[in-house]
Amino acid sequence: MSALTEPRHYTSELNYLNNGWTLKSWLLTKDHKRIAMLYLISITVFFALGGLFAAAVRLELLTPPGDLMDAETYNKMFTMHGVIMIFFFLIPSVPATLGNFLVPMMVGAKDLAFPRVNLLSWYLYVLGGIFAIYAAVQGGVDTGWTFYTPYSSTYSNTAVIVTAMGAFVAGFSSILTGLNFIVTVHKMRAPGLTWGRLPLFVWAHYATSLIQLLGTPVVAITLVLMMLERGLRIGFFDPALGGDPVLFQHLFWFYSHPAVYIMILPGMGVISEIVTCFSRKHVFGYPFIAGSSLAIAILGFFVWGHHMFVAGQSTYASMVFSLITFFVAAPSAVKVFNWTATMYKGSVSYATPMLYAMGFIGLFTIGGVTGVMLATTALDLHLHDTYFVVAHFHYVMVGGMVMAFMGGLHFWWPKMTGRMYHEIWARISAGLVFIGFNLTFFPQFILGYMGMPRRYHAYPEEFVVLNVMSTAGSSVLGVGYLLPAIYFIYSLYRGEQAPPNPFRAKGLEWETPSPPPTENFLTTPVVTEDAYAYAEKEVKALV
């Protein structure tokens, strides 16, 4: 993809990992790669914590009566699971880790545009996480992760303000990250790296950053209004004081549906990189994939009302929101079609990252199709607040985003650490995640269709078999997620030394040693080729 004066001949063994070993050198670093690793550690902690809350929920639902915990404790468990997973794992996972590490390298820059702001974003993320953990220690919160009024603002006796403050502070971390990416992409691209040559990973993060900048302030203001009403009895959402509780839903979902794309768009960028690399082909329809990322970012702001079909909005408004929701599915379908066409007649390699990518395509497609079903007003009236919605959401977020995150982590792990992981164990882990996920969440589609409401700690006995399947699947899924933690850590100490480009991938990030030096490039790279310029003769030779 590029021509470098000294492409891979670095005389020093110094890299970003060993360039200063003290704790201070890490906590005060301005190196985007080190900040990405700090995010990776922090996010892993919150992923494990959110997973423990999810395990408690599934254990309670193993039997029909509420015999493990009472209703109030159960409400706190699923609320803390949602708050931690969404605000402290799903939203920041790919942008803050892989995005932080790779975007500057992919555009040929030595760092992000504002290194100090980047470090500040991590500290804000940690501060928000401390608020959330403090709330959990102090008894948790029982409002659901959506903080719906008037329950959150008036009636709940739990740590609502502290939890909302955690989400509020974490939102500023998201805003700063998005700002950094936008300025970096606009102002710091290497010579020859035109917009038409940008990696699709960068396009996805650019579109995500637009949503972060435009949408996150809305939910931040909404949470502040809720906290003011709860603390000072100012009537923004209280009808007795002239407010409207449904206004909270409008403001919340105006951000929180685009937030779904903050979570999934970076994952789509990861899949684009993996599919083209392990198919040894130029990506099919590059302009359409890049354009679809922007289309998703724009259309995502116009569909929030499909969460409110039963909230009393007018029939005509519901019809409009339903129609626009059908439209927003089209750009995602474009991506799935183009990934499939890229693999067609390619020299497909079934390495671990590709297994996760293929799993993503299948599971995300199911999540997308069921999303279109829920956008159908008549059907949503039956399925609203049932386990069908839970299954749909998790097929998009866990079957989609987390699969992409795991695929990207396996793809760039040698670049990030300079070490190779154990391929056999990695493939076993990918298989367990895929099987465990489907066993966990597919039965929930059936439960929802049969009418089981979500967020209930007890249920009729006719639902027990499907719930047992779901809980058993969550155990398999947990093992699948635990294995990478083991072999990744093992690889840091005993893994084979990684070559600069173990997967023979295209892109500026692969033109550096593994792990990269602090400055990324000794000389400024000059881009002379289009993205994903895999040679035709190379493909034929590998077929």
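Look up: the structure comes first, before these words.
Residues numbered from 1 in each chain as written. Predicted model: local features only at pLDDT ≥ 70, side-chain atom pairs only at ≥ 80, totals over all residues. Heavy atoms only, no water.

Enquirer: It is not clear to me how the overall build of the protein should be interpreted in this structure. Could you clarify?
Expert: When helices and strands are counted, the protein shows 17 helices and 2 strands. The C-alpha radius of gyration computed for the protein amounts to 23 Å, which stays within 12% of the reference 24 Å derived for 543 residues, consistent with globular compactness. Principal-axis analysis of the C-alpha atoms places the extent of the protein at approximately 70 × 45 × 45 Å. For the protein, the proportion of its 543 residues judged to be buried stands at 57%. Nonlocal contacts in the protein, meaning residues at least 24 apart in sequence, comprise 83% of its contacts between residues at least 6 apart. (Helix = DSSP H or I, 4+ residues; strand = E, 2+ residues; numbered from the N terminus. Rg over C-alpha atoms; globule rule 2.2 N^0.38 Å. Buried < 20%, exposed > 50% of the residue type's maximum accessible area, 1.4 Å probe, protein only. Contact = heavy atoms within 4.5 Å.)

Enquirer: Honestly, the environment of P525 in this entry has me stumped. Any pointers?
Expert: The residue P525 is located in the loop between α16 (464-494) and β2 (526-527) in this model. Along the primary structure P525 and G108 are separated by 417 residues, whereas in three dimensions their C-alpha atoms are 6.1 Å apart.

Enquirer: Looking at this structure, how should I read the pattern of salt bridges?
Expert: Oppositely charged side chains can pair when the atoms bearing their charge come close. Going through the model one piece at a time under the given rule, you end up with 6 salt bridges. The partner of K76 in a salt bridge is E72, with the nearest N and O atoms 3.8 Å apart. Taken together, the residues K76 and E72, both in helix α3 (residues 71-90) and 4 residues apart, mark about one turn of the helix. As a salt-bridge pair, R454 and D385 come within 2.7 Å of each other at their nearest N and O atoms. Taken as a pair, R454 in the loop between α15 (423-450) and α16 and D385 in the loop between α13 (377-383) and α14 (387-417) lie far apart in primary sequence, 69 residues in all. On the basis of relative accessible area, R454 is assigned to the partly exposed category, the value being 22%. (Salt bridge = Lys/Arg side-chain N within 4 Å of Asp/Glu carboxyl O.)

Enquirer: Looking at this model, I keep getting lost on the nonpolar core. Mind explaining?
Expert: In globular proteins that are soluble, nonpolar side chains generally tend to be buried together. By size, the foremost hydrophobic cluster in this structure holds 147 residues, and its most contacted members are L98, F360 and W412. With residues up to four places along the chain from it excluded, the contact list for W412 reads L98, L102, M106, F201, V270, E273, E509 and W510. Formed by 13 residues, the second largest nonpolar core is a distinct cluster that contains L61, V390, L447 and Y459. (Core = buried A, V, L, I, M, F, W, Y, C linked by side-chain atoms within 4.5 Å.)

Enquirer: How should the packing of aromatic side chains be read in this particular structure?
Expert: Each pair of aromatic rings is reported with the distance of its centres and the angle of its planes. Within the structure shown, the criterion is met by 44 aromatic pairs. With a centroid separation of 5.6 Å and 65° between ring planes, the pair formed by Y74 and F78 is classed as edge-to-face. Residue Y74 and its partner F78 are located together in helix α3, separated by 4 residues, close to a single helical turn. A relative accessible area of 1% places Y74 in the buried class. Where F284 meets F337, the ring centres are 5.9 Å apart and the plane angle is 75°; that geometry is what we call edge-to-face. Note that F284 is positioned in the loop between α9 (245-279) and α10 (286-299) and F337 in helix α11 (residues 315-343), a separation of 53 residues in sequence. F337 gets classed as exposed once you look at its relative accessible area, which sits at 53%. (Phe/Tyr/Trp six-rings, centres within 6.5 Å; stacked < 30°, edge-to-face > 60°.)

Enquirer: Which parts of the structure should I look at to understand the side chain of S293?
Expert: Its place among the elements puts S293 in helix α10. Not counting chain neighbours up to four residues away, the residues in contact with S293 comprise W203, A204, A207, L265 and K335.

Enquirer: Whenever I open this one, helix α4 (residues 93-106) confuses me. Can you help?
Expert: One turn of an α-helix holds 3.6 residues; hence residues three or four places apart share an orientation. The terminal C-alpha atoms of α4, which comprises 14 residues, lie 18 Å apart, in line with the 20 Å expected from a rise of 1.5 Å per residue. G99 marks where α4 bends most, by close to 55°. With its phi angle positive at about 80°, G108 sits one or two positions after the end of α4. (Expected span 1.5 Å × (residues − 1). Bend = angle between axes of the 7 residues up to and from the residue.)

Enquirer: Quick question: what am I supposed to make of unusual backbone geometry here?
Expert: P150 follows T149 through a cis peptide bond whose omega is 5°. Position of P150 relative to the elements: it lies in the loop between α5 (115-137) and α6 (151-155). Between S514 and the following residue, P515, the backbone shows a cis peptide bond with an omega angle of -5°. With respect to the helices and strands, P515 occurs in the loop between α16 and β2. Of note in this structure, K345 is not a glycine but carries a positive phi near 60°.

Enquirer: For this particular structure, what's the right way to read α9?
Expert: Compared with the 51 Å implied by 1.5 Å per residue over 35 residues, the 51 Å span of α9 between its first and last C-alpha is a close match. By the largest-angle criterion, W253 marks the main kink of α9, which is about 30°. For α9, a buried count of 29 out of 35 residues is recorded, marking the element as mostly surrounded by other parts of the structure.

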